[in-house]
Amino acid sequence: MEMPPPASPVHGDGRRRRSERTRQTIIEAFLSLLRERADIPTAAQIASRAGISTRSVFERFDDLQTLAIAAVDHAFAQGESLAIARNVDGQRHERIRTHVETRAQTCERWLPLWRVAVANQARLDELQIRLRFMRQVVIRRIELMYAPELTSVGEMHRQDLLIGIDALIDFESWGRLREFYGFSVEDGVGLWIRTIDRMLPPTPVASAVQP
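Summarised in this report is the structure supplied together with it. Source: prediction; values computed, not measured.

On to the environment of Gln-128, then. For Gln-128, the location among the structural elements is in helix H6 (residues 125-145). Along the primary structure Gln-128 and Val-118 are separated by ten residues, whereas in three dimensions their C-alpha atoms are 8.1 Å apart. Excluding residues within four positions of it along the chain, Gln-128 makes contact with Gln-121 and Ala-122.

The full count for this structure, using the stated rule, is five aromatic pairs. Judged by centre distance (5.4 Å) and plane angle (65°), the rings of Phe-76 and Phe-133 are edge-to-face. Linking Phe-76 in helix H4 (residues 64-82) with Phe-133 in helix H6, this pair joins segments that are 57 residues apart in sequence. Seen in terms of ring centroids, Phe-180 and Tyr-181 are 4.9 Å apart; in terms of plane orientation they differ by 90°. Their pairing is edge-to-face.

What follows concerns the nonpolar core. Counting residues in each nonpolar core, the largest one holds 51 residues, and the members touching the most others are Phe-30, Ile-46, Leu-113, Tyr-146, Ile-169, Trp-192 and Ile-196. With ten residues, helix H5 (residues 92-120) is the single largest residue contributor to this core. Those residues in contact with Ile-169 that lie beyond four places of it in its chain are His-99, Arg-103, Cys-107, Val-138, Ile-142, Trp-192 and Ile-196.

The next point concerns the packing of H6 against helix H8 (residues 155-168). Contact geometry of H6 with H8 gives a least axis separation of 10 Å together with a crossing angle of 120°. Taken together, the axes of H6 and H8 lie oblique to each other. Considering the relative orientation of H6 and H8, their crossing is right-handed. Here H6 contributes Val-138, Ile-139, Ile-142 and Glu-143 to the contact with H8, which in turn contributes Arg-158, Leu-162, Ile-165 and Asp-166.

About the cut-offs
Residues numbered from 1 in each chain as written. Predicted model: local features only at pLDDT ≥ 70, side-chain atom pairs only at ≥ 80, totals over all residues. Heavy atoms only, no water. Helix = DSSP H or I, 4+ residues; strand = E, 2+ residues; numbered from the N terminus. Contact = heavy atoms within 4.5 Å. Phe/Tyr/Trp six-rings, centres within 6.5 Å; stacked < 30°, edge-to-face > 60°. Core = buried A, V, L, I, M, F, W, Y, C linked by side-chain atoms within 4.5 Å. Buried < 20%, exposed > 50% of the residue type's maximum accessible area, 1.4 Å probe, protein only. Axes fitted to C-alpha atoms, helices over the stretch in contact; angles between N-to-C directions. Parallel < 35°, antiparallel > 145°, perpendicular 65-115°, else oblique. Left-handed = near helix turned anticlockwise from the far one by under 90°.

Geometric values such as these leave the question of function open.
Okay, structure coming up:
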């Protein structure tokens, strides 16, 4: 009696790819719903938006908290790919504008997810770890973009500037500008640019005259 031929690995790979595509569709549906309203969407709402069954959601995520963590990871990966540091060695006004525009774009896109993550961080250690890491990334970008000015002052003044700029360009700061004060994206960017320019000390001459 002949043995049946072994199953082709192509079929298994195809199933894995389909499963991964479904997983990505669920994450995107979750994020899409968050942008429409601040509440965490239900599994049924996510499934409906993704065009799948509720069962399919829980086949790929243990619960909605696990899905939220996956969404945060997805958002961070996308944010990092888009928020490439540019004009690091540019003139002061170029560095400020580039930094602010990039940060405003991130806040505009991911504010709803950030709020969900903050609201649930006390219950999920994984979210606390991710939020802490993201805040460190923001601080490192500030240090990179304003290195000439930050290295020209004492350590205490430097720390004050880092904390002040970090607080200024926080997600909730952007949300307040957009939602409470009714700022447009352009107006919000302009306010952040002017404020950071006032906060920073004079640029050292050697850095200011670079081409």
